[in-house]
Amino acid sequence: MLGNTYGCDISLYTSKVELERIVLYDTTQAPILVFQGPHRFLSNFYPASITFCDIEWPSVETAYQAMKSLDPAVWVTFSGMTSVQAKKAGRRIVPMRPDWEDVKVGIMCELVWIKFSTIPSLQEQLLATNMAKIEEGNSHRDRIWGVCPPGSGLGQNLLGKILMTIRRRIRLMHLSN
């Protein structure tokens, strides 16, 4: 049982987060199709220190890959890895948590929210994308989190939808203040 070992209850993420709500973007604005150059900050591999489960992570990717395990000792090991190292190690986690397919989207949402809600400079950059459609275009055939090939519309683009949802949420928070 994971419980609150590191101050967060991963069991809260027991189902996929609703991403079917209307996510507003302006079709007249140029879309962001890849997370490179000025849009590199949108990538989960971008070095952005976040705290999750009372552990400091060098990036969203390191925390996300670690959460494939229910073992806090594995988490600590991952916290010292680069994003690339964590991605590779994440493929070899045994045993993988049995509910991974059910919780992975919720975990991703939480991690990306932490990144953009706690790092003001990244929040400003996200808001500066205005209402552009955000697609995680890639060439590594990821059609769950992104679109492959970039700009083709082939893929679920879950990460892009998460980013646009968070952008909208932050914008609404700013308007209510």
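Residues numbered from 1 in each chain as written. Predicted model: local features only at pLDDT ≥ 70, side-chain atom pairs only at ≥ 80, totals over all residues. Heavy atoms only, no water.

Visitor: An account of helix α6 (residues 158–176) is requested, with residue identities and associated values reported.
Guide: In this model α6 runs 27 Å from its N-terminal to its C-terminal C-alpha over 19 residues, within 8% of the 27 Å that 1.5 Å per residue would give. Where α6 is concerned, the buried positions are Leu158, Leu159, Gly160, Ile162, Leu163, Met164, Ile166, Arg167 and Ile170. Those residues of α6 hidden inside the fold are in contact with α4 (100–118) and α5 (120–127). (Helix = DSSP H or I, 4+ residues; strand = E, 2+ residues; numbered from the N terminus. Expected span 1.5 Å × (residues − 1). Buried < 20%, exposed > 50% of the residue type's maximum accessible area, 1.4 Å probe, protein only. Contact = heavy atoms within 4.5 Å.)

Visitor: I'd like to hear about the side chain of Gln123, residue by residue, with values.
Guide: The topology assignment puts Gln123 in helix α5. Residue Gln123 is classed as buried on the basis of its relative accessible area of 15%. Here the side chain of Gln123 touches Phe116 through a polar contact of 3.0 Å, landing on its backbone oxygen. In this structure Gln123 touches Phe116, Ser117, Ile170 and His174, once residues within four positions along its chain are discounted. (Polar contact = N/O pair within 3.5 Å; in protein donor to acceptor, adjacent residues only side chain to side chain.)

Visitor: Run through the nonpolar core, naming residues and quoting values.
Guide: Counting 45 residues, the largest nonpolar core has Leu42, Trp57, Val112 and Phe116 as its most contacted members. Only β1 (50–52), β2 (55–57), α1 (60–66), α2 (72–79), α3 (83–90), α4, α5 and α6 provide two or more residues apiece to this core. For this core, the element with the most residues is α4, which contributes 11 residues. With sequence-adjacent residues up to four places away left out, Trp57 is seen in contact with Ala48, Ser49, Ile50, Thr51, Phe52, Thr62, Ala63, Ala66, Met67, Trp75, Phe78 and Ser79. (Core = buried A, V, L, I, M, F, W, Y, C linked by side-chain atoms within 4.5 Å.)

Visitor: An account of α4 is requested, with residue identities and associated values reported.
Guide: Here α4 is 19 residues long and its end C-alpha atoms lie 26 Å apart, about the 27 Å a rise of 1.5 Å per residue gives. Within α4, 14 of the 19 residues are buried, which leaves the element mostly enclosed by the surrounding structure.

Visitor: Quick rundown of the side chain of Lys115? Include the residues and the values.
Guide: Of note, Lys115 is situated in helix α4. Despite its burial, Lys115 pairs with no opposite charge, the nearest such side chain being Glu61 at 9.2 Å. With residues near it in sequence (within four places) discarded, Lys115 still touches Phe41, Leu42, Ser43, Asn44, Tyr46, Ala48, Ile50, Val60 and Leu122. (Lys, Arg positive; Asp, Glu negative; His and termini not counted. Salt bridge = Lys/Arg side-chain N within 4 Å of Asp/Glu carboxyl O.)

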